[in-house]
Amino acid sequence: MKAIRRFTVRTVLPESIRPLSRLANNLRWSWNKPTEQLFAELNPQAWDSVNHDPVKLLGSLTREEIQQIAEDTELVERIQALDAQLDTYLTEPQWYQQTQRADAPKSIAYFSAEYGITSVLPQYSGGLGILAGDHLKTASDMGVPIVGVGLLYQHGYFKQSLSRDAWQLEDYPVLDPDGLPLSLLREEDGAPARVELPLPDGRRLLAQIWRADVGRVPLLLLDSNIADNDDHARNITDRLYGGGGDHRLQQELLLGMGGVRALRTFSRLTGAPEPEVFHCNEGHAGFLGIERISELMSAEEGRKPLSWEEALTAVRAATVFTTHTPVPAGIDRFEKDQIYRFFSAGLAPGVPAEKILALGDENYPGGDSSKFNMAVMGLRLAQRANGVARLHGKVSREMFAGLWPGFEFDEVPIGSVTNGVHVPSWIDPRIEALAVDRSQPSLESRWRAINSIDDARLWRIRRELRDTLVQDVRARLRTSWKKRGAADAELAWTDSVLDPNVLTIGFARRVPTYKRLTLMLRDPQRLKRLLLDPQRPVQLVVAGKSHPADEMGKQMVRDLVKFTDDPEVRHRIVFLPNYDIAMARTLFPGCDVWLNNPLRPLEACGTSGMKAAINGGLNLSVLDGWWDEMYDGQNGWAIPTADNRATAEERDNIEAAALYELIEDHVAPRFYGEKIANGGDQVPHQWLAMVKHTLSTLGPKVSAKRMIEDYVTGLYVPAALAGRTVAEEEHAQAREASRWAARVHESWGAVHVEHVEAADVAEVPQIGDTLQVTAYVHLGNLRPEDVTVEIGYGRVSESDHIHERQFSELDEHRGTEAGKWAFAGSITIDRSGPFGYTVRVLPHHESLTNRAELGLVASA
Ligand SMILES: *Cc1c(COP(=O)(O)O)cnc(C)c1O
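Position labels on residues start from 1 in each chain and follow its written sequence. Per-residue local features are limited, in this predicted model, to residues with pLDDT of at least 70; the limit for side-chain atom pairs, both in listing and counting, is 80 or more; totals at the level of whole chains, interfaces and linings are taken over all residues. Note that the side-chain values use all heavy atoms of the structure and ignore hydrogens as well as water.

Asker: Mind showing me how you'd approach the sheet that holds strand 29 (residues 835–843) here?
Answerer: Hydrogen bonds between backbone atoms are what pair the strands of a sheet, whose relative direction is either parallel or antiparallel. We call two strands paired when DSSP finds no fewer than two bridges between them. The way it works is that DSSP assigns letters per residue, a run of H or I at least four long becomes a helix, a run of E at least two long becomes a strand, and they are numbered from the N terminus. Across the sheet, four strands lie side by side as 26-25-29-30; this open sheet has antiparallel pairing. Of all the strands in the sheet, the pair left with one neighbour each is strand 26 (802–809) and strand 30 (858–859). Direction of pairing for strand 25 (residues 787–796) relative to strand 29: antiparallel, over a ladder of nine bridges. Within strand 29, the residue paired with Tyr793 across the bridge is Tyr837.

Asker: Explanation requested: the domain arrangement of the protein chain in the structure shown.
Answerer: Accessible area lost when the parts come together is the quantity often used to give the size of an interface. Domain start and end points were adopted from an automatic or database domain assignment. Looking at the assigned domains, one finds that the protein chain contains domain 1 (15–91), domain 2 (105–420 + 711–728), domain 3 (445–702) and domain 4 (751–859). Summed over both partners, the accessible area lost on bringing two parts together, with a 1.4 Å probe, is the buried area. If you sort the residues of domain 2 by the area they bury against domain 4, Gln383, Phe407 and Glu411 come out on top, with a joint share of 49%. Salt-bridge detection follows one rule: a side-chain nitrogen of Lys or Arg within 4 Å of a carboxyl oxygen of Asp or Glu. For the salt bridge of Arg840 with Glu411, the shortest nitrogen-to-oxygen distance reads 2.4 Å. In the analysis that follows, any N or O atom pair within 3.5 Å is treated as a polar contact, provided that within protein one partner can donate a hydrogen and the other can accept it, and provided that, for residues neighboring in sequence, both atoms belong to side chains. Run the count over domain 2 and domain 4 and you get five residue pairs in polar contact (both at pLDDT 80 or more).

Asker: Quick question: what am I supposed to make of the pairing of strand 20 (residues 593–596) here?
Answerer: Regular strands have side chains that alternate between both faces of the sheet. Residue burial is assigned from relative accessible area. The probe radius is 1.4 Å, only protein chains are included, and a residue is buried under 20% of its type maximum, exposed over 50%, and partly exposed in between. Where burial is concerned, the two faces of strand 20 agree: the one with Val593 and Leu595 and the one with Trp594 and Asn596 are both buried. Of the pairings in the sheet, the one linking strand 17 (residues 503–508) to strand 20 comprises two bridges and is parallel in character. Note on strand 20: the bridge partner recorded for Ile505 is Val593. Pairing between strand 20 and strand 21 (residues 618–622): four bridges, direction parallel. When the bridges of strand 21 are listed, Leu595 appears paired with Leu620. With strands facing away from the observer, any crossover in which the path from the first strand over the helix to the second runs clockwise is taken as right-handed. Handedness of the crossover joining strand 20 and strand 21 through helix 24 (residues 608–613): right-handed.

Asker: So what exactly am I meant to see when it comes to the packing of helix 12 (residues 308–317) against helix 28 (residues 704–747) here?
Answerer: Between two packed helices, what matters for the description is the angle formed by their axes and the separation of those axes. Close contact between helix 12 and helix 28 brings their axes to 8 Å; oriented N to C, the two are set at 170°. Classified by the interaxial angle, the pair formed by helix 12 and helix 28 is roughly antiparallel. Contacts between helix 12 and helix 28 involve Glu309, Glu310, Thr313, Ala314 and Ala317 from the first element and Ala719, Ala722, Gly723, Val726, His731, Ala734, Arg735, Ala737 and Ser738 from the second. When the residues that make up the contact of helix 12 with helix 28 are grouped by side-chain class, the tally is seven nonpolar, four polar and three charged. Note on geometry: axes are lines fitted to C-alpha atoms, helical ones only across the stretch in contact, with angles between N-to-C directions running from 0 to 180 degrees. Angles below 35 degrees are treated as roughly parallel, those above 145 as roughly antiparallel, those between 65 and 115 as roughly perpendicular, and all remaining angles as oblique. The criterion used for residue contact is that any of the two residues' heavy atoms lie within 4.5 Å. In the scheme used here, Gly and all other residues not listed as nonpolar or charged are polar, with Ala, Val, Leu, Ile, Met, Phe, Trp, Tyr, Cys and Pro taken as nonpolar and Asp, Glu, Lys and Arg as charged.

Asker: So what exactly am I meant to see when it comes to the UniProt feature "modified residue: N6-(pyridoxal phosphate)lysine" (unreviewed entry) in the protein chain here?
Answerer: Per the UniProt record, "modified residue: N6-(pyridoxal phosphate)lysine" (unreviewed entry) is found at Lys611. For Lys611, the location among the structural elements is in helix 24. In contact with Lys611, other than residues within four places in its own chain, are Ile130, Val421, Trp426 and Phe588. UniProt positions are given in the numbering used here, feature names are shortened, and annotations may be inferred rather than shown by experiment.

Asker: What is the right way to read the UniProt feature "domain: DUF3417" (unreviewed entry) in the protein chain from this model?
Answerer: Under the present numbering, the feature "domain: DUF3417" (unreviewed entry) in UniProt falls on residues 13–121. In residues 13–121, helix accounts for 58% and strand for 6%; the two terminal C-alpha atoms are 23 Å from one another.

Asker: Help me understand the sheet that holds strand 18 (residues 538–543), please; the structure alone is not making it clear to me.
Answerer: In spatial order, the strands read 19-18-17-20-21-22; together these six strands make up an open sheet with parallel pairing. Of all strands in the sheet, those bounded by a partner on one side alone are strand 19 (573–576) and strand 22 (636–639). Here the strands of the sheet are splayed against their neighbours by 20° on average, with no regard to which way each runs. Across six bridges, the pairing between strand 17 and strand 18 is parallel. Its bridge partner lying in strand 18, Phe507 is registered against Val542. Each of strand 18 and strand 19 is contacted by helix 21 (residues 524–532), which is oriented at about 115° to strand 18, the strand it contacts most.

Asker: Looking at this structure, I do not really get the packing of aromatic side chains. What am I missing?
Answerer: Aromatic rings in a pair are described by how distant their centres are and how their planes are angled relative to each other. Working definition: a ring pair exists when centres of Phe, Tyr or Trp rings (six-membered ring for Trp) sit within 6.5 Å. Plane angles under 30 degrees give stacked, over 60 give edge-to-face, the rest tilted. Within the structure shown, the criterion is met by 19 aromatic pairs. Look at Phe287 and Phe343: their rings are 5.7 Å apart centre to centre, the planes differ by 50°, and that puts the pair in the tilted class. Residue Phe287 is found in the loop between strand 11 (277–281) and helix 11 (288–297), and its partner Phe343 is found in helix 13 (residues 336–343); the two are separated by 56 residues along the sequence. A single burial state applies to Phe287 and to Phe343, both of which are buried. Ring centres of Trp426 and Phe588 lie 5.7 Å apart, and the angle between their planes is 65°; this geometry places the pair in the edge-to-face category. Linking Trp426 in helix 17 (residues 423–426) with Phe588 in helix 23 (residues 581–590), this pair joins segments that are 162 residues apart in sequence. Across the pair, exposure class does not vary: Trp426 and Phe588 are buried alike.

Asker: Quick question: what am I supposed to make of the nonpolar core here?
Answerer: The nonpolar side chains of soluble globular proteins are, as a tendency, buried together. Nonpolar cores were defined as sets of buried Ala, Val, Leu, Ile, Met, Phe, Trp, Tyr and Cys residues, with membership established by side-chain atoms within 4.5 Å. One finds Leu503, Met520, Leu587, Leu620, Trp637 and Trp687 to be the most contacted residues of the largest nonpolar core, which totals 100 residues. Domain assignment of the residues forming this core places at least three in each of domain 2 (105–420 + 711–728) and domain 3 (445–702). Membership of the second largest hydrophobic core comes to 87 residues, among which are Leu197, Ala233, Phe266 and Phe278.

Below, the structure is given as structure tokens:
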């Protein structure tokens, strides 16, 4: 029978166990083991059949079961105790309240197109979403007042399965928001709160606002699937990264502009403080800046409207932008015409369309000026910007240097904050139990005493984790083969796939080309030999989804699955379909080695290796992303890079050969060597020394706590202070600074260094000699206080390029004739060998955070 109507019946719980509903609806259960355990025990069978989803579990309980729970005094006490603990967790002062000044921001808005928080809210595709989820969870643990903003996708991201002949199949299950841990934001009269965006041709896009609670952090998710929308508008939030062109653009307009409106509505309805800082996590949400500019340019509530330049100055001061990819194809770009068409419909009334277009203009060498680039807009709308690992910061500075012409790469104002992982979400309880030093306040610092842990015990636990993975792999493989059409009778072999005593290497991630899923297949015979080595065998667990539109990625998945289907090796290498958070939580702890072989430097950070590390896994990786800065020679292995090679083919060959060699000569002997040699206690002490070293030294560094501290102290607090300063007294500083900037831009053409004089140094200068420099500078209409004149000096190469540059201001000035000034100062020659210097003029103003900020410089 088919139902003609459907609705979700909410479970009504008796008073004594009512807190169960709150415990299920606040996502903190997903990283609070006692709460998760409680749900699991309520009905272990039902818990498995609802895929460990507390809201669904409560919905599945019968009246009798509910009654039974309510009468079980021990359970009731446990529920109430956990509820009380949740209260404490939500209200107690945490790191932020204890360490930050009273004027630290009261609210920070965090925008992201995807969030990976738990498998019951599948609103993520990969690392970006998982990172955003870990960001919110850690902010909650540390008491950082963040509000998240995103979209609620009706189908989330696709579920992956395999066809008989090894092709990726994609399935988009429908999510019913009423069955998810979400509540609808409502107006005082009970009607759902909504935001509305005008669209071309007189159409409109409405969205309602769902709220998820991630511990203390509210996450607002916009949902266009409402009856008052036309069919097209209803489908805007259908899938994560589904559809291109206008569809994607409307998703991003809703996320950015609708997101700001949702925040305003949220504050109005709940009394939550207005955000003082806006963090744009990757370019998708960049339109949030346009919405805020539009707010400031309108004349609401008797406020004096700001001009475009003034509003831009004010918005930039309080915005942080994080770029996540050095792969150009990973950045969203639209046609400028398209952007113009949408904004002509009145999306940002009063904001000149050509100004908006200019923000995303690729008007630099190598750019395409018909395109509108979301990352470029993100950078232009944020006074503070960062990449996600040290190396990625450097790569981003080079990649976006065209936005700051005339400056050296290392002066481009993009810093870096290395990503981290939310340890309570990703650490296995059996490893966590080893963090013995209970006198230490945080999990991260408890690892210091790791060396006192008995090797035999640690080895036993590592084996248990491997065994848990092996069991999980067998079950998943069987399910997958049944979907692929195999009968039970054909599948007996899946019960003995993998071996809990064999060195286990994991490789799981999205499958864009640069991650080289199939590098390990470069020499199939050699890989087979490694897998089947009679003394030191290796087993491989591989997983990964390819974006549905990426044919190359899908072909790679197929090549890999084909290889794993071979009866000769299928007990030693498996491909698990549908890589997701649930799989990951067993996979990371169960692998001895975590493999990563991207094309350096295209992996911005990568976080899966961090999740392996906090469980005692050793990394075997190309020196890219986080590994480039954290590999220390004892916590794993570095796969050498052949980026000097002309062809991709050659490079793959060399790097694959290096990978095989490392496994054969270093990794496997370390894992098995002593056991074979000593025949003694069967415990590989040298291996475990590396595991302990990894836990104790990487543990604190890869923790998202370190990342959140970096964001708060390095970016959020300074952005809030700058945002406040520009906004004071009806935006007096924004007005003054933008007037000043306009004047500087207008006059800059006339600024130049006429000539530079140095008082004679000795014929053969020596270390310690002083060099007196006077620069004669033409400033046109500008005044000396509008500029900084500085001498840049250091060692020079044969081509006169200055290396290891230092700068020193020429801070004494006097007028010479109209518009001309002499700037003088001195430097001390502090090194021997070839030495050189030059002089340049830069704009100077208190509102600038960086010398390159205006993109203006006049060099001698
Ligand atoms: C950690 C994680 C990722 C991201 O891993 P990378 O190393 O950045 O590729 C993707 N998917 C899942 C399910 C994860 O847990």
